[in-house]
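Chain by chain, the residues:
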Protein chains: 2
Amino acid sequence: MHQGNHRDHEGAKKLFELVKDVKVAMLTTADQDGTLNSRPMWNNEIDENGDVWFFTKLHSPKTAEIGRDNQVNLSYSDPSSQTYVSIAGKAEVIRDQKLIDEKWQESLKTWFPNGKNDPEVGLIRIHPEQGEYWDSPSSTMVHLYGYVKASLTGESPKTETKKVNLA
Amino acid sequence: MHQGNHRDHEGAKKLFELVKDVKVAMLTTADQDGTLNSRPMWNNEIDENGDVWFFTKLHSPKTAEIGRDNQVNLSYSDPSSQTYVSIAGKAEVIRDQKLIDEKWQESLKTWFPNGKNDPEVGLIRIHPEQGEYWDSPSSTMVHLYGYVKASLTGESPKTETKKVNLA
């Protein structure tokens, strides 16, 4: 049960649960001169193999950057729920009308007003290789909580960081 | 007035205003094999030159990664306010007790319970070279708003993306 499906792993399961709640990811890619660029990505879907899918315009700076260097990072950050996740992986740009038809949702018309048959509609598949998440105390006053705890006990707050191998 | 101070530029000013509200940034660095890792960074300070400062443990994976490759990305993502910012720049790890004393806030005891004189306390300075931000319609229902607008007019929603040169 430990091969093929990343979700078998308890850590990865937790990671994907957190990610599911955040929805918007910042996708970081490297451009030609090594500059790291990121941008918000909506319509985050994780398939049964643990691969993450996004819709994209086929011709865009991010697809060009992925074409040259497929190493990417997905960061999920939601200050309101104190959820922070980092996923490192390899990305691929795909133009496959069958997959687009399968994954298409009407809400995507926000970004693709001409619909799913627009030749500029493409997919990015990210195969996660490594992930980390930060679990804060459930209170939104994590900072205060942590500070008080630190002052009382001389210890750092009970923030849980876990590194998860997904490959 | 256009040299030295990044904030002279209208776009950069907007960028720093947004960033100021989000507070928590995900810092992405590249490790030896090109894997891109990110982690949440608190205590975000932007100085009068437009450089971004964070406190860090001097010996940590991120400082090792910055030591090998100083290209980094800061992404600021706040789904609740629909704020998304990307800053690309060059990072430097600094151990300077005078600067640490100047920038120290008592709340940092959350991460450094031994206080500002702990030899493991260091600073990361990031010199921004490029930035982008995404302005969504002010409603938190941006997705629905955009979809309705797209359906009615056949146009993408009025999301404003601006690329700002900060170097």
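The preceding data block contains the structure.
If you're wondering where the values come from, they're calculated on a predicted model, not measured in any experiment. (Residues numbered from 1 in each chain as written. Chains lettered and ligands numbered in written order. Predicted model: local features only at pLDDT ≥ 70, side-chain atom pairs only at ≥ 80, totals over all residues. Heavy atoms only, no water.)

Chemist: Which residues make up the overall build of chain A, and what are the values?
Modeler: Helix and strand content of chain A: four helices and eight strands. Listed N to C, the secondary structure of chain A is α-β-β-β-β-α-β-β-α-β-α-β in terms of helices and strands. A total of 167 residues make up chain A; the buried ones form 51% of that total. Long-range pairs, those at least 24 residues apart, make up 66% of the contacts in chain A between residues at least 6 apart in sequence. By element, 49% of the accessible surface of chain A is carried by carbon and sulfur atoms, the whole surface being about 8,100 Å². (Helix = DSSP H or I, 4+ residues; strand = E, 2+ residues; numbered from the N terminus. Buried < 20%, exposed > 50% of the residue type's maximum accessible area, 1.4 Å probe, protein only. Contact = heavy atoms within 4.5 Å. Areas by Shrake-Rupley, 256 points an atom, 1.4 Å probe, with all protein chains shown as cover.)

Chemist: So what's going on with the pattern of salt bridges? Which residues, and what values?
Modeler: Scanning the model with the defined rule gives 14 salt bridges over all chains in all. For A:K109, the salt bridge goes to A:E106, with nearest N and O atoms at 3.6 Å. Looking at A:E106, the relative accessible area reads 43%, which means it is partly exposed. Of the charged contacts, one joins B:K116 and B:D101 as a salt bridge, the two residues approaching to 3.7 Å between their closest N and O atoms. (Salt bridge = Lys/Arg side-chain N within 4 Å of Asp/Glu carboxyl O.)

Chemist: Give a detailed account of the side chain of B:S75, specifying residues and quantitative values.
Modeler: Summarising the element assignment, B:S75 is placed in strand β5 (residues 71–78). Contact partners of B:S75, with chain neighbours within four places excluded, come to A:M26, A:S38, A:S75, B:A25, B:M26 and B:V85.

Chemist: Could you give me a rundown of helix α2 (residues 61–68) of chain A, with the residues and numbers involved?
Modeler: One turn of the α-helix equals 3.6 residues, which is why residues spaced by three or four share an orientation. All names here are of chain A. Along α2, the residues that are buried comprise K62, T63, E65 and I66. One side of α2 carries all its buried residues, which in axial view fall inside an arc of 160°. In α2, the exposed residues that point more than 90 degrees away from the buried face are P61 and G67. (Arc of directions from axis to C-beta.)

Chemist: Any details on the relation of the copies chain A and chain B? Residues and values, ideally.
Modeler: Least-squares fitting of chain A to chain B yields an RMSD of 0.0 Å, with the superposition described by an axial translation of 0.0 Å and a rotation of 180°. What the superposition gives is, in effect, a two-fold axis relating one chain to the other. Most of the interface of chain A is mirrored in chain B, where 98% of its interface residues are also at the interface. (Least-squares fit on C-alpha atoms with pLDDT ≥ 70 in both.)

Chemist: Explain the interface of chain A and chain B to me, and be specific about the residues and the numbers.
Modeler: Each partner contributes to the interface: chain A provides 44 residues, whereas chain B provides 43 residues. For the pairing of chain A and chain B, the buried interface totals around 3,700 Å² over both sides, and the portion due to carbon and sulfur atoms is 60%. Inspection of the region where chain A meets chain B yields zero salt bridges. In this structure, the connection of chain A to chain B is made through 10 residue pairs in polar contact (both at pLDDT 80 or more). At the level of secondary structure, the elements contributing two or more residues to the side of chain A that touches chain B comprise β1 (25–30), β2 (36–41), β5 (71–78), β6 (83–94), β7 (121–135) and α4 (142–153) of chain A. Residue contributions to the side of chain A that touches chain B peak at seven residues, all from β5(A). Residue classes in the side of chain A that touches chain B are distributed as 18 nonpolar, 19 polar and seven charged. (Buried area = accessible area lost by both parts, 1.4 Å probe. Polar contact = N/O pair within 3.5 Å; in protein donor to acceptor, adjacent residues only side chain to side chain. Nonpolar A, V, L, I, M, F, W, Y, C, P; charged D, E, K, R; others polar.)

Chemist: Tell me what's going on with the pairing of β5(A), and back it up with residues and numbers.
Modeler: All names here are of chain A. With respect to burial, β5 is a largely interior element, eight of its eight residues being buried. Burial along β5 is two-sided: the residues Q71, N73, S75 and S77 and V72, L74, Y76 and D78 are all buried. For β5 and β6, the ladder comprises eight bridges, and the chain directions are antiparallel. Paired with D78 across the strands is T83, a residue of β6. Between β5 and β6, which pair antiparallel in sequence order, lie four residues; one of them, Q82, sits at a positive phi of approximately 55°. (Pairing = 2+ DSSP bridges.)

Chemist: Got a sec to walk through the side chain of A:T28? Specific residues and values, please.
Modeler: Take A:T28: it is sitting in strand β1. For A:T28, a relative accessible area of 0% gives the class buried. If we ignore the near neighbours within four places in the chain, the residues touching A:T28 are A:L36, A:N37, A:S38, A:R39, A:Q71, A:V72, A:N73, B:T28, B:L36 and B:N73.

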